[in-house]
Amino acid sequence: MEESISGFKVRGDWGKMVEHGEKITQALREAEVNNDAFHEWDEWRPRSHERIEEDISEKTARQASVSEGEGEKAGKTAGEDIQTAGEKLSESYEKVEEGENEAALDRWGESIEHVARAADSAGRKALRKVEDTVYRNVMTQLAPYYFDNELISANIQQVGRGDADEEFVFEVNVNDDELKSDVSEILSEYESTVDRWHVAAEKETANLEAAEGVELPETEEESKSTTT
């Protein structure tokens with residue numbers, strides 16, 4: 001592993017990429033990081049059963065997508081917000097007829113808010129479709145697969161082609177300098193004390209065990225690797 005100002009970088013086969021992601025994740029866990037940004041990273045990092053051009057591409061497109069607007073966070077579609085806007089506008093007219101001008105203004109303001117929220121939701125949905133198309137058809141041809149949030153900035157790129165010489169480069173940066181220093185110390189400890197890192201594999205089913213005629217070892221959740 002190479003460490004620089006831009007992050008922690010490894011080069012090698014897919015197994016080494018998976019191992020690197022697991023070590024970073026475990027180091028963050030040992031540094032007591034357990035927030036939404038951590039779980040986003042944990043979901044994106046490569047797994048042993050995944051393929052870069054399929055699984056990592058899909059996860060990158062999903063992670064890079066436009067965030068949810070207020071309407072979407074509230075679980076409302078653009079159509080539902082338009083309907084609510086119409087109802088609020090009708091209530092506003094009723095209040096005017098009843099001489100309750102202040103209440104009428106309140107309902108009118110709420111109507112405008114729902115219209116704006118509907119437009120925002122529709123716009124975000126349309127933009128996501130464009131983003132997904134552009135990312136899948138253009139960006140993956142020009143740039144590595146990447147992940148970025150307030151906790152982690154990472155990118156992984158295939159530099160060797162063909163089954164015999166598949167090679168990748170995976171760089172992960174911890175955006176907070178103090179936390180990055182803690183992670184660096186933990187990773188250094190792994191390098192000096194861990195003889196072999198057991199890459200966590202996706203759990204197999206009982207059917208596969210029966211088909212193969214062997215009993216597969218029990219594993220903890222995928223993100224928690226074991227060391228020897």
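About the thresholds
Residues numbered from 1 in each chain as written. Predicted model: local features only at pLDDT ≥ 70, side-chain atom pairs only at ≥ 80, totals over all residues. Heavy atoms only, no water. Helix = DSSP H or I, 4+ residues; strand = E, 2+ residues; numbered from the N terminus. Expected span 1.5 Å × (residues − 1). Buried < 20%, exposed > 50% of the residue type's maximum accessible area, 1.4 Å probe, protein only. Polar contact = N/O pair within 3.5 Å; in protein donor to acceptor, adjacent residues only side chain to side chain. Patch = residues over 30% accessible without salt bridge, like charges linked within 9 Å, V, L, I, M, F, W, Y side chains within 5 Å. Areas by Shrake-Rupley, 256 points an atom, 1.4 Å probe, with all protein chains shown as cover. Salt bridge = Lys/Arg side-chain N within 4 Å of Asp/Glu carboxyl O. Lys, Arg positive; Asp, Glu negative; His and termini not counted. Charge placed at Lys NZ, Arg CZ, Asp CG, Glu CD. Core = buried A, V, L, I, M, F, W, Y, C linked by side-chain atoms within 4.5 Å. Contact = heavy atoms within 4.5 Å. Axes fitted to C-alpha atoms, helices over the stretch in contact; angles between N-to-C directions. Parallel < 35°, antiparallel > 145°, perpendicular 65-115°, else oblique. Left-handed = near helix turned anticlockwise from the far one by under 90°.

Draft legend 1. Expanded view of helix α7 (residues 177-193). Its 17 residues give α7 an end-to-end C-alpha distance of 24 Å, which sits within 8% of 24 Å, the value for a rise of 1.5 Å per residue. Burial in α7 covers these residues: Leu179, Lys180, Val183, Ser184, Ile186, Leu187 and Tyr190. N-capping of α7 is provided by aspartate 176, with a side-chain oxygen placed 3.2 Å from the backbone N of glutamate 178.

Draft legend 2. Seen up close, a negative patch on the surface. On the surface, Asp176, Asp177, Glu178, Asp182 and Glu185 cluster together to form a negatively charged patch. In this structure, aspartate 182 sits in helix α7. Owing to a relative accessible area of 35%, aspartate 182 belongs among the partly exposed residues under this scheme.

Draft legend 3. How the structure looks around the environment of serine 188. Its place among the elements puts serine 188 in helix α7. In this structure, the C-alpha to C-alpha distance between serine 188 and methionine 1, residues 187 residues apart in sequence, is 9.6 Å.

Draft legend 4. Quick look at the nonpolar core. Core analysis: the biggest nonpolar cluster contains 31 residues, and Leu28, Trp41, Ile152, Ile156 and Phe170 have the highest contact counts within it. Look past the residues within four positions of tryptophan 41 in its chain and what remains in contact with it is Gly21, Ile24, Thr25, Leu28, Phe147, Asn149, Ile152, Ala154, Phe170 and Val172.

Draft legend 5. Seen up close, the side chain of glutamate 50. Positionally, glutamate 50 belongs in the loop between α2 (36-44) and α3 (52-63). With relative accessibility at 9%, the residue glutamate 50 sits in the buried group. Polar contacts involving the side chain of glutamate 50 include one to the main-chain amide nitrogen of arginine 47, which spans 3.0 Å.

Draft legend 6. Just the packing of helix α1 (residues 14-30) against α2, in detail. Their axes nearest at 10 Å, the elements α1 and α2 cross at an angle of 160°. Judged by the angle between their axes, α1 and α2 are roughly antiparallel. Like other packed secondary-structure pairs, α1 and α2 cross with a definite hand, here left-handed. Contact residues: Gly21, Ile24, Thr25, Leu28 and Arg29 in α1; Phe38, Trp41 and Asp42 in α2.

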